Amino acid sequence: MAETGNTKLLIKHVDISSLASVRAFAKEIVATEPVIDVLIHNAGVAQGFNNKVTSDGLEFTMATNYYGPFLLTHLLIDLLKRSDQGRIVIVSSKLYQFASLNPANINSINPINYFSLFPIHLYNLSKFAEIMFTQELARRLRGTKVTANCLHPGVIDTGIWRNVPFPISILFKPIQMCFRTPEEGARTSIYLSVSPDVEQISGQYFRGCKVHQLNRRVQHVARQHDLWEASKKLVKLTADDPQI
C-alpha cells in the first residue's frame, strides 16, 4: 500500500493447508465479494527429510501446494464465472519433471508415510499435481469465460528457502545470491493475470511469458481425470459445494 498508494487492498489470512480454514476463507469471500476476476494460487512449501500430516489426514506439502488450492478453486468458481473474463493462474515449477504420480495409488497422491534422502521430492510431486489439475480444470471450464493456466516463475529468492536444513544451508547461501528477485519472478504471473494476449488461452504451461512444452507424462488425460476425482474425495467436497 505504501509503494502504490492503493488504499483499497484487503489483507485476509487463510491456512491453505487446512480444509476448515479454506472453507471459512471462501465463505467470507463469497459473502462479501460480488465477483472475482483473477485467482492466483502461489502456495509453495517444501518439507525437509520428514513430512508432516495435517489434521485432515493429508500430507502437508501436498495439502498446502495442491489440495488447498484445489478446494478453494471449487468454492470460488461461481464468483470467477461472473467475471467478464475470469482467470485462474497456478504457480507451478519446472521441477515437476522429476516427479510422477499414479492416482490409483493413494500413497502416490497422499504420501503420509513418506521418507526420503531427497527432501524436495514432495514439492516436485505437488507441482506435478498442479499441472495435471490445471489441464483438467481448463477442459472442465470450456464453454465458460474462465481460463486456467500454470507457469514456472524461475528460481526465486523468497522465503521458501528458509527451511533448507543445516549443513546444506551453508553451501546453499552463495547459490541463492544468483536467484531471481521476487519482482522478476512475478512477471509471468502478472502477464497471465492481465495481458490481453492470453484471453483465449487455457490449459497451458508458461515460462518467461511464453507457452512452454510439457513432459508427456504430466499430460496423461485419464490420470488427470482420476486425480481430480480422487482429490474431490480427499478434500471432502460435497454435493452442496460448487461443482466444476
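Conventions we followed
Residues numbered from 1 in each chain as written. Predicted model: local features only at pLDDT ≥ 70, side-chain atom pairs only at ≥ 80, totals over all residues. Heavy atoms only, no water. Helix = DSSP H or I, 4+ residues; strand = E, 2+ residues; numbered from the N terminus. Buried < 20%, exposed > 50% of the residue type's maximum accessible area, 1.4 Å probe, protein only. Core = buried A, V, L, I, M, F, W, Y, C linked by side-chain atoms within 4.5 Å. Contact = heavy atoms within 4.5 Å. Phe/Tyr/Trp six-rings, centres within 6.5 Å; stacked < 30°, edge-to-face > 60°. Lys NZ or Arg CZ within 6 Å of the ring centre and 35° of its normal. Pairing = 2+ DSSP bridges. Axes fitted to C-alpha atoms, helices over the stretch in contact; angles between N-to-C directions.

Colleague: Would you mind going over the environment of Leu234 with me for this structure?
Modeller: Position of Leu234 among the secondary structure elements: in helix H8 (residues 221-234). For Leu234, a relative accessible area of 16% puts it in the buried group. Counting along the chain gives 215 residues from Leu234 to Leu19, while the straight-line C-alpha distance between them is 10.0 Å.

Colleague: Looking at this model, I keep getting lost on the nonpolar core. Mind explaining?
Modeller: A general feature of soluble globular proteins is that nonpolar side chains tend to end up buried together. The biggest cluster of nonpolar side chains holds 48 residues, and the ones touching the most others in it are Tyr66, Tyr67, Ile88, Leu101, Leu137 and Leu141. Those elements that provide at least two residues to this core are helix H1 (19-32), helix H2 (60-81), strand S2 (87-91), helix H4 (121-140), strand S3 (147-152) and H8. Looking at which element gives the most residues to this core, the answer is H2, with twelve residues. Non-local contacts of Leu137, meaning those with residues more than four positions away in its chain, are made with Thr73, Ile88, Ala148, Trp228 and Ile244.

Colleague: When you look at the packing of aromatic side chains in this model, what are you seeing that I'm missing?
Modeller: Centre-to-centre distance and the angle between the planes together describe a pair of aromatic rings. Applying the stated criterion across every chain yields a total of nine aromatic pairs. Taking 5.1 Å as the distance between ring centres and 75° as the angle between the ring planes, the aromatic pair formed by Phe70 and Trp228 counts as edge-to-face. In this pair, Phe70 is assigned in helix H2 and Trp228 in helix H8, connecting sequence segments 158 residues apart. Taking the ring centre of Phe60 as reference, the NZ or CZ of Lys52 above it sits at 4.2 Å.

Colleague: How should the side chain of Thr73 be read in this particular structure?
Modeller: Of note, Thr73 is situated in helix H2. Taking relative accessible area as the criterion, Thr73 reaches 0% and is therefore assigned buried. Discounting chain neighbours no more than four positions away, the residues touching Thr73 are Leu39, His41, Ile88, Phe133, Leu137 and Ile244.

Colleague: Where do I start with the sheet that holds S2 in this structure?
Modeller: Strands belonging to one sheet form pairs held by backbone hydrogen bonds; the direction of such a pair is parallel or antiparallel. Reading across from one edge, S1-S2-S3-S4-S5 is the order of the five strands in this open sheet, with mixed pairing throughout. Looking along the sheet, the strands with just one partner apiece sit at the ends: strand S1 (38-41) and strand S5 (210-211). When S3 meets strand S4 (residues 205-207), the two strands line up parallel, connected through three bridges. The residue bridging Leu151 from the neighbouring strand is Phe206, located in S4. Sitting on the sheet, helix H7 (residues 187-194) is in contact with S1, S2, S3 and S4, with an inclination near 165° to S2.

Colleague: It is not clear to me how the environment of Ala26 should be interpreted in this structure. Could you clarify?
Modeller: Structurally, Ala26 is set in helix H1. For the pair formed by Ala26 and Val14, sequence separation is twelve residues and the distance between their alpha carbons is 9.2 Å. Apart from residues no more than four positions distant in its own chain, Ala26 is found in contact with Leu72, Leu75 and Leu76.

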